[in-house]
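The lines below spell out each chain.
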Amino acid sequence: MRFLFKTDYEDDIRLFPHSGYVVSYGVLFALLLAAPFVLSSYLMSQLVFVCIYATVGVALLILTGFTGQASLGHAAFLAIGAYTAAYLQQFGVPFPVYFLAAGLLTGVTGAMVGFPALRLQGIYLVIATISFAFIVEEILARWESVTNGNEGMRVKTLYLFGHAVPRDSAAFYFLCLAMLVLTIVGTLNLLRSPTGRAFVAIRDSETAARSMGINVSLYKVKSFAISAGITGLAGCLFAHKLSFISPEMFTLQLSIEFIIVILIGGTFSLHGAVLGAIFIVMIDPFLTYLKDDMPGVIGGMAAALGAGKERAAHIQDSAAAFASLNGLKGAIYGIIIILFVLFEPLGLYGRWLKIRLYFQLFPLYKRATFKRQKIYVKSERNR
Amino acid sequence: MSYFRAENISLHFGGLKAVDGVSFAVEKGEILSIIGPNGAGKSTIFNLISRIYRPTSGKIFFEDQDITEEPPYDIARRGIARTFQNIELFENATVLSNLLVGRHRHCTTQLWQELLFLPRVRANEKAHRRRVEQVIEFLDLEPYRDKLIAGLPYGVRKVIELARALCSEPKLILLDEPSSGLNVEETDDMSFWIRDMRSELGITVLMVEHDMLLVSRVSDRVIALNSGRVLAMGTPGEVQQHPDVVAAYLGA
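Treat the numbers as computed from the prediction; the structure is a model and nothing was measured.

Caption draft 1: Summary view of the overall build of chain A. The helix and strand inventory of chain A stands at 16 helices and 4 strands. The C-alpha radius of gyration computed for chain A amounts to 23 Å, which stays within 12% of the reference 21 Å derived for 383 residues, consistent with globular compactness. Considering chain A as a whole, with its 383 residues, one finds that 40% of them fall into the buried category. Within chain A, contacts between residues separated by at least 24 positions form 74% of all contacts whose residues are at least 6 apart in sequence.

Caption draft 2: Just the pairing of strand β2 (residues 16–26) of chain B, in detail. Residue and element names in this part refer to chain B. Pairing of strand β1 (residues 4–13) with β2 involves 7 bridges; the strand directions are antiparallel. Considered in β2, the bridge of His 12 is made with Lys 17. Here β1 folds back onto β2, and the loop between the two strands holds 2 residues, one of which, Gly 14, carries a positive phi near 60 degrees.

Caption draft 3: Geometry of the nonpolar core. Counting residues in each nonpolar core, the largest one holds 157 residues, and the members touching the most others are Ala79(A), Ala82(A), Cys176(A), Ala201(A), Ala277(A) and Ala163(B). In terms of residues, this core owes the most to one element, helix α3 (residues 41–66) of chain A, which gives 14 residues.

Caption draft 4: Looking closely at the environment of Val221(A). Residue and element names in this part refer to chain A. Looking at where Val 221 falls in the secondary structure, it is placed in helix α11 (residues 216–242). In the structure, Val 221 is positioned 108 residues away from Val 113 in sequence and 8.2 Å away in space, judged by C-alpha atoms. Apart from the residues lying within four places of it in its own chain, the contact partners of Val 221 are Ala 111, Gly 114 and Phe 115.

Caption draft 5: Expanded view of the interface of chain A and chain B. Across the boundary between the two partners, chain A contributes 27 residues, which contact 36 residues of chain B. For the side of chain A that touches chain B, the secondary-structure elements that each account for two or more residues are α1 (10–13), α8 (170–191), α9 (194–204) and α10 (206–211) of chain A. With 7 residues, α9(A) is the single largest residue contributor to the side of chain A that touches chain B. When grouped by side-chain class, the residues that make up the side of chain A that touches chain B number 11 nonpolar, 10 polar and 6 charged.

Caption draft 6: Spatial organisation of the confidence of the model for chain B. Residues and elements named next belong to chain B. The pLDDT averaged across chain B works out to 90; a share of 99% of its residues lies at or above 70. Within chain B, helix α10 (residues 243–250) has the poorest average pLDDT of any element, 84, and strand β8 (residues 204–208) the best, 94. Per the prediction output, this complex has pTM 0.89; the corresponding ipTM is 0.90.

Caption draft 7: Structural context of the domain arrangement of chain B. Residue and element names in this part refer to chain B. In terms of domain boundaries, chain B breaks down into domain 1 (1–79 + 170–182 + 201–252) and domain 2 (89–169). A C-alpha centroid distance of 28 Å is found between domain 1 and domain 2. Listed as interface residues are 7 residues of domain 1 and, on the opposing side, 8 residues of domain 2. Of the residues in the side of domain 1 that touches domain 2, the class split is 5 nonpolar, 1 polar and 1 charged.

The rules we used
Residues numbered from 1 in each chain as written. Chains lettered and ligands numbered in written order. Predicted model: local features only at pLDDT ≥ 70, side-chain atom pairs only at ≥ 80, totals over all residues. Helix = DSSP H or I, 4+ residues; strand = E, 2+ residues; numbered from the N terminus. Rg over C-alpha atoms; globule rule 2.2 N^0.38 Å. Buried ≥ 20, exposed ≤ 12 C-beta atoms within 10 Å, placed from the backbone. Contact = placed C-beta atoms within 7 Å. Pairing = 2+ DSSP bridges. Core = buried A, V, L, I, M, F, W, Y, C linked by C-beta atoms within 7 Å. Nonpolar A, V, L, I, M, F, W, Y, C, P; charged D, E, K, R; others polar. pLDDT = per-residue confidence, 0-100. Domains from an automatic or database assignment.

Okay, here's the thing in structure tokens:
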């Protein structure tokens, strides 16, 4: 075990508390930089999605995890970012300009959503953000002169300073990685400054926050704006990655996926957003694999267990029919959320902390260490 | 002119007169206690001052300025800090970050500076931490500095709330039942701290308290309330002897 002796206020402020962090994050960063030269193009593509989802996850953490304001409208923010980028790109606007414009416009929209949300708490806020997401979805489908309606928009290849950056190139991956890393560093900076503490104060007790001189309304709007703005930036790169966007990509399901990202990762740390993003991006091919291969495996097992040829074929067909049921994916997501909330409320990152502590204290680990630290997304309690 | 003045303040919930035309003044450097039976309107007066409620009528002045219409965060920015009867701490944060929130009224950095964590932000952070450490030392909170609030006992939380209020370097502090839930020794500590707050930090204290021993030990003056009205005002001895106060507590 390592004991830290703090001799300076700097010890509490710095991002890496000790050299161990520098080494482990340095190695991680080096691996991420080396990834394009090692991994297959399929995995690289997945990694790009992890970066984008993790960026949105960090944005959602600022709003939900740290300020305590739930949102099921982040797919809409992502859509606004994506469409802003796609629209401006048509007129030959250079990438840095429309990238920032996507963030800015989405941030302003977020602030506008934040104002009515000031009067809403908990479940009512969730409903309000869902309504916002539906409104945006509808606008995207109907405002054909700008969004091309349900036909969708084609997003051309990204050009950065005159160089083409195709969506499956290593350069595009580095762009997404840079966005994620800058977002995380910015958020960490925010969290160790007065604004971040004000966010956490609002989450835990609005009354006390007010009596300490925090303008609760202003900071809630700020939180909405920052969260939406980052999501808008991610939306710009998301559009480039997909190269084609249409309204049905930004549905409630996507918003729920973002909630899963932070719930499963863990709502108390930025690590959670990244772990959750990896989880959500990797579960999709896994589910596809199950859907395609599982019926065959089940049929094979049935045959091996002595079922007749006809019976085995029947079982295989039923399994295939079950696997292709509509909404099965949503049901699986739902079950995953329920299981995590019940058995691992601290999320994947919490699990990692427990495993790490187990080995650090071996053989003295006690489960009670994590028992009392309940984490909750503030809903009904604060008045 | 008095340092802090409440003029004829009332708060009516429909027909219920929680506070009914109360007037009082606090002098600079004074310790003034408000006593009264349950439901007398003591905490409600605090909530009126810190603008959790808006007075139905009446005016509140602080340093000769009318603060009746100001939003709650501006009350705090003027230098009026408070504690709560049923502790309102930030549960899922450490003691240190709770206290740093107390520094909020002195925070001057802009959002964009914080995103980049410019040297100015870093310097300010260090300055805030230095002030917080002074309060931690003043209230003997060293053992709890990095603990989460969620796991701490009631008595300690009570002190942390006081510490958070002190971190804002207030001119006037409102203490809502500082000794409730504390044992005899902790109450003793509290009475020393309240007096030190005035003598060492120069803070004016307005407090609501039930413990008459603590009240008579620290207060310069006492106001007795019942059913939202002032019964008596004077030194602790005078108020305790006042026939209306005796009647309110013991029944006529």
